[in-house]
Each structure stands twice: as C-alpha cells, then as structure tokens.
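# Residue-level structural notes
This is what each chain is made of:
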Amino acid sequence: MEEKVISSFKRMNPWHAPRSGKTDLETLPDFVVQREALSEALQKMDPAFVLALEGPRRVGKSQLMRLLMRHLVKKQNVDPRQIFFVNCDDGTIQTPDLIDNLHSYVEEIHGRNFENIREKIYFFLDEVTMIEGWEKRLKIEIDASRGHQYIVTSSSAIRMKVSKQNLVGRMATVHVLPFSFFEAIELYRLKPERFSLSESTHDALISLRDRLRPLFLEGRLLDPQRLMNIPEKIESGFMTSSQKLGQECRALLQHFLLEGGYPDFIRKGDRFEDYFSESVLEGLIHKDIPAIFNLTQASTGKIHRLVYRLLFENTKIIQIVELQREIGEPHHPRASEYLHYLEASLIMELLSPWHKTHASRSRKSKKKVFFIDPGLVNQVTGVLAKFKIREGLAVADFWQNQEKGPCAETAVYQHLKRLKYDWRIHYFRDEEQESEKPADADFVWETPLGPIPIESKMRKRTPLPGALKRMEKIRSELKAPYFLVITESDLSNPAKGVVCLPMLYFLGSEGVS
C-alpha cells in the first residue's frame, strides 16, 4: 500500500491517532440535528447486509453517516479504533484495490492480520460509487461472513441503483429525504438571524410532536377514531393565529412550505440564490445521467429541458405524449427512458391514477408530477422570489395566496414518502364524470387497510357541503376506511368517513417505519 494512501486514511480518521482525552468522534457537538433516519439505520445494521444510505443529492446523507459514527461511540461505547471512514471522492485512494488497502490499514491500527480481528469493524464508505467495482468487492466481503459492517452512501442515487443490482439480497436501504418540518425547526433554532423561534414555542412544538407521535405509530394513522380523540389541550394555542404561539407556528410552517427541507439551503438561504440549479439539478442532469447511460450532448440537453418543464408542472396532471412532443421525441422510446432516469434519481415521481388493477394503472398515459421538496420547486420556478420571504413579508400574505396550495401538496407528498416508503401512492380523478368539478383526490395511499384518499386543503374552515359530497363518493368508490383532509387548522369529523387534520398535526406524525 502506497504511503499517500496510508496518509489519506490517517487524515480521514484522526481518532485513530494515540492521544489523551476524548477522541474527535466523542466530542462531536450535541446540537447537531438528529435525523429520524438515524433510528432506522441503527435498526437495519446487520453484518449480513451492506447498509446503503440512499437519497437525492444534498439531503444530508454524509451528515447522517457522521451521526451514526458518533452514536456508536457515544451511545454504544464502540471503540473509535473500530470505526473507519473513507471519502471515496478523494483521488488519492480511488483504486479498485480500495477495500484491500483499507483492510491493510485496519491491520496497521490493530496490529493483527485482518483475518484474526474479532472486534466488529465499522466501515463507512462515503461516495462509494466513485470506486470501480465496489459492489462486487463488497459482495465477496458479505459472503465471507467476517462479522464486519459496511455502510455506504453516494451523491448519485442513479449510480447507487445501478450498482446495487449486484448486491441483491445483501443490501439494506435507508431512504434519506430532505429534513422534515420538525427536523427543520431544529435548524431554525440555530439561525436566529433568519428565523423567529422563541424557546417557549420550540418547546411547545416538540411537546406537541411527542404527544402526537404515539397516535401515528404502528399504523394508528389509519384509525380515524384515534385521530378524533386527540386531546383538546394539544390543539389549544397552536391554531389560533391571534396568539403569539399560533403566530410563530404559522410563520415557521410558512418557511417550511416555501423553503423546504434541504439542510444547506435552510442554513444559508439567500446566499444560495441558484442553490438548487447549481448544487442539485446540474449534477444530476450533466454528470449522473449522461455518465451512466452514455447519453449524447443532444440527449442531455433534452433532459435539461424536460426537468425544468416538469418543475413548472409540479402537482399537476400531465400527458406523457405532450411531454415527448415538446422535447422533440414524440415516438422515440427513449423519451420514456428520460422520465425513468429522473425518477431513478429519487428527486421526483410521476404518480399514476388509482385503479382497481395495477395493469390498468400502468396503461394510463396521464401522470401527476411531484418533486421531493417544495423549496426546490419554489426557488427554480420563482415562487420564493415572489414572496421575498427573507425580507420579512407578512405571514398573512402567504396564507391568503393561492401558491400555498401547491406548496402544501408537495409537503404532504414528501411526508407520505417519509411515513411509509413502500406503500404506493397514486392520485384519483374520475375522468368519466361529466361535471365542471369531477371527483378527485390529490393522493390515494395504498395501505394495508385499503386505499386512503387524501386531499390537501389549506383552509381554516370545514370543507363545503359540495366538496364533502364528492369526498364521500370517492371514499365509497374506493371502499376506503376514510377520506383524510389535510387542513390549515380544522380538526373535525364533518361527515361520515371524512376526517380533517391540521397540517401541523400531520407533519407531527414522525417515526413511522
């Protein structure tokens, strides 16, 4: 092993050097935002599987890896010399022999042959897809059953998806999304120059989340009776905009619905005017997709146009044929492949209309567009500039504007993905109904108890009789246990089988795995 490789490993793992006192891992600050995904990652750790932290670019996968390392040392008393971190994006260590070199470095630290090391070694490989053939090498390690744990990340969700095909049955995945609302407020707390969050409001919100959480665990979200039994004292103060607590909560929710949950964007805000275009989209469009699928410059240009076209269609129903025509490939099968590439990046999804059979859903050419974060959409499409949120625009201006609808709908979509990633999400629209207002629902969530239609209606009042009638019709057609309406502040059961739940309560339903 070359000396420069050893030097790089030592630089990346300063806690291995002999020293007195606590190690770097032990002294990591406690104010780092704790991610909900941390618990899931700890539960899925198993030497029989490579643990992959998977998600779109810039959502905090590397930071989650650091949180895992700290947890092992501070909470599980793992010896720091059992933790080995490698940034695979570092050119000094990029070689197909990386794993062998890393094993040699372990031998140097422990003074024994790798085969004779009985302690469990934790290998954290950040940006692992930069290493050629990494998945085949880790397959050999997993099959050797040495009892060591490999944790990997990649900024390219597409590269990870392609590579892990060689690890079928040997990989556990944790899907990392942008920050949830309650994760975001912990960052708001660290940025008093940007966010008004008093200690009393912060503590009240955390108390609200902790009291709501048991209502949603283990599938209880699916029990409308439990939802309606939420104690009145929880509601007091949170939804009354005239009270200081209510005003601050509405302002924080406004920030989240407009700016989303990308951690770097929350931290730096207006210093990142082109953050999403430069840090998220350009890497996906011009690096990840062309490199993996060997696209020409012309094809890359078409994907670029397609992405920005779709951003302006977020939350809307589109005709796939029209999209194909717009990018200049109305009949070429590759047009559909472009959409597949984008979905594989985990940054967006095209929802199919709900139908009783999966075959009928797949044949439908109309899809509903959803990107994974409202801030991503709002900055690129100009909504953020319109509201000038960082210049202190009054909260009421947002809540009275029609833009709050798509913002809220995107936030609901993201949270549904967070609650239960493997439950399919569709939308509902009665195309056969001859009416100016056909029966529709923003989402149909396929749960073990049956499909649940969900509508985002950011209003204070209960839905009007006409809307309730359409909801009851959809619930009956889907044979759904109930119709869930996400509202601005209404908590009620206005009709049989219709449950209204405030957005703040819905976003408090964290911890479901």
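In the block above lies the structure referred to throughout.
What comes next concerns the included structure. (Residues numbered from 1 in each chain as written. Predicted model: local features only at pLDDT ≥ 70, side-chain atom pairs only at ≥ 80, totals over all residues. Heavy atoms only, no water.)

### Some thoughts on the packing of aromatic side chains
Under the definition given, this model contains 16 aromatic pairs. Measuring from ring centre to ring centre gives 6.3 Å for Tyr-338 and Tyr-341, while their planes differ by 50°; the resulting arrangement is tilted. One end of the pair is Tyr-338 and the other is Tyr-341, both in helix H16 (residues 334–344) and three residues apart, which spans about a single turn. Geometrically, the ring pair formed by Phe-370 and Tyr-413 is stacked, given 5.0 Å between the ring centres and 20° between the ring planes. Taken as a pair, Phe-370 in strand E8 (residues 366–371) and Tyr-413 in helix H21 (residues 404–419) lie far apart in primary sequence, 43 residues in all. The class of Phe-370 is buried, set by a relative accessible area of 0%. Relative accessible area serves as the criterion here: at 2%, Tyr-413 is assigned to the buried category. Every member of this aromatic cluster is reached through a ring pair, and the members are Phe-9, Phe-84, Tyr-105, Phe-114, Phe-123 and Tyr-150. A cation sits over an aromatic face here: Arg-66 above Phe-85, 4.4 Å from the ring centre. Positioned above the aromatic ring of Phe-443 is the side chain of Lys-368, whose terminal nitrogen or guanidinium carbon lies 5.9 Å from the ring centre. (Phe/Tyr/Trp six-rings, centres within 6.5 Å; stacked < 30°, edge-to-face > 60°. Helix = DSSP H or I, 4+ residues; strand = E, 2+ residues; numbered from the N terminus. Buried < 20%, exposed > 50% of the residue type's maximum accessible area, 1.4 Å probe, protein only. Lys NZ or Arg CZ within 6 Å of the ring centre and 35° of its normal.)

### Digging into the side chain of Asp-430
Of note, Asp-430 is situated in the loop between strand E9 (425–429) and strand E10 (440–447). Lys-473 is the oppositely charged side chain nearest to the buried, salt-bridge-free Asp-430, at an N-O distance of 4.0 Å. Setting aside residues no more than four positions away along its own chain, Asp-430 makes contact with Pro-438, Ala-439, Lys-473 and Glu-477. (Lys, Arg positive; Asp, Glu negative; His and termini not counted. Salt bridge = Lys/Arg side-chain N within 4 Å of Asp/Glu carboxyl O. Contact = heavy atoms within 4.5 Å.)

### Considerations on the side chain of Glu-127
Note that Glu-127 resides in the loop between strand E3 (122–126) and helix H5 (134–144). Although Glu-127 is buried, it makes no salt bridge; Arg-57 carries the closest opposite charge, 6.6 Å away. If we skip the residues at most four places from it in the chain, Glu-127 touches Asn-87, Cys-88, Asp-89, Thr-153, Ser-154 and Ser-155.

### Let's talk about the pairing of strand E14 (residues 498–502)
Among the five residues of E14, five are classified as buried, and the element is accordingly described as predominantly covered. Of the two faces of E14, both are covered, the one formed by Val-498, Cys-500 and Pro-502 as well as the one formed by Val-499 and Leu-501. Relative to E14, strand E13 (residues 492–495) runs antiparallel, the two being bridged by two bridges. By the bridge assignment for E14, Ser-492 is matched with Cys-500. Taking the residues that link successive antiparallel strands as the turn, the E13-E14 hairpin has two residues, and the phi of Gly-497 there is positive, at about 80°. (Pairing = 2+ DSSP bridges.)

### Comments concerning the sheet that holds strand E11 (residues 450–457)
In space, the six strands of this open sheet follow the order E9-E10-E11-E12-E14-E13, with mixed pairing throughout. Strands at the two margins of the open sheet, each flanked by one partner only, are E9 and E13. If you compare each strand with its neighbour and ignore which way they point, the axes differ by 30° on average. Pairing between E10 and E11: five bridges, direction antiparallel. Pairing of Val-444 across the sheet is with Pro-453, part of E11. Sitting on the sheet, H21 touches E9, E10, E11 and strand E12 (483–487), and the angle it makes with E10 is about 5°. (Axes fitted to C-alpha atoms, helices over the stretch in contact; angles between N-to-C directions.)

### What to know about the sheet that holds E3
Backbone-to-backbone hydrogen bonds pair the strands of a sheet. The strands run either parallel or antiparallel. Spatial strand order, E2-E3-E4-E1-E5: five strands in an open sheet with parallel pairing. Among the strands making up the open sheet, the edge pair consists of strand E2 (83–87) and strand E5 (171–175). The mean angle between the axes of side-by-side strands here comes to 20°, regardless of whether they run parallel or antiparallel. Of the pairings in the sheet, the one linking E2 to E3 comprises five bridges and is parallel in character. Each residue of the ladder has a partner; that of Val-86, found in E3, is Leu-125. Seen against the sheet, helix H4 (residues 98–110) touches E2, E3 and strand E4 (149–153) and runs at an angle of roughly 145° to E2.

### Examining the pattern of salt bridges
A full pass over the atoms with the stated rule returns 29 salt bridges. A salt bridge links Asp-90 to Arg-11, with the shortest nitrogen-to-oxygen separation between them at 2.8 Å. Taken as a pair, Asp-90 in the loop between E2 and H4 and Arg-11 in helix H1 (residues 3–12) lie far apart in primary sequence, 79 residues in all. As a salt-bridge pair, Asp-440 and Arg-429 come within 3.6 Å of each other at their nearest N and O atoms. Separated by 11 residues along the polypeptide, Asp-440 in strand E10 and Arg-429 in strand E9 bring together distant segments of the chain. On the basis of relative accessible area, Asp-440 is assigned to the partly exposed category, the value being 33%. The network of salt bridges with shared partners includes Asp-100, Glu-115, Arg-137, Glu-141 and Arg-146.

### Description of unusual backbone geometry
Notably, Leu-346 is not glycine yet its phi reads approximately 70°, a positive angle. Position of Leu-346 relative to the elements: it lies in the loop between H16 and strand E7 (348–351). Phi at Lys-479 is positive, roughly 55°, even though this residue is not glycine. Looking at the element boundaries, Lys-479 is found in the loop between helix H22 (465–478) and E12.

### So, helix H18 (residues 374–381)
The buried fraction of H18 amounts to eight of the eight residues, a majority that puts the element mostly inside the structure. Every buried residue belonging to H18 is among Pro-374, Gly-375, Leu-376, Val-377, Asn-378, Gln-379, Val-380 and Thr-381, and all of these are buried. Where H18 begins, the side chain of Asp-373 points an oxygen toward the backbone nitrogen of Gly-375, at a separation of 2.9 Å. Positive phi shows up at Gly-382, right after H18, with a value of about 90°. (Polar contact = N/O pair within 3.5 Å; in protein donor to acceptor, adjacent residues only side chain to side chain.)

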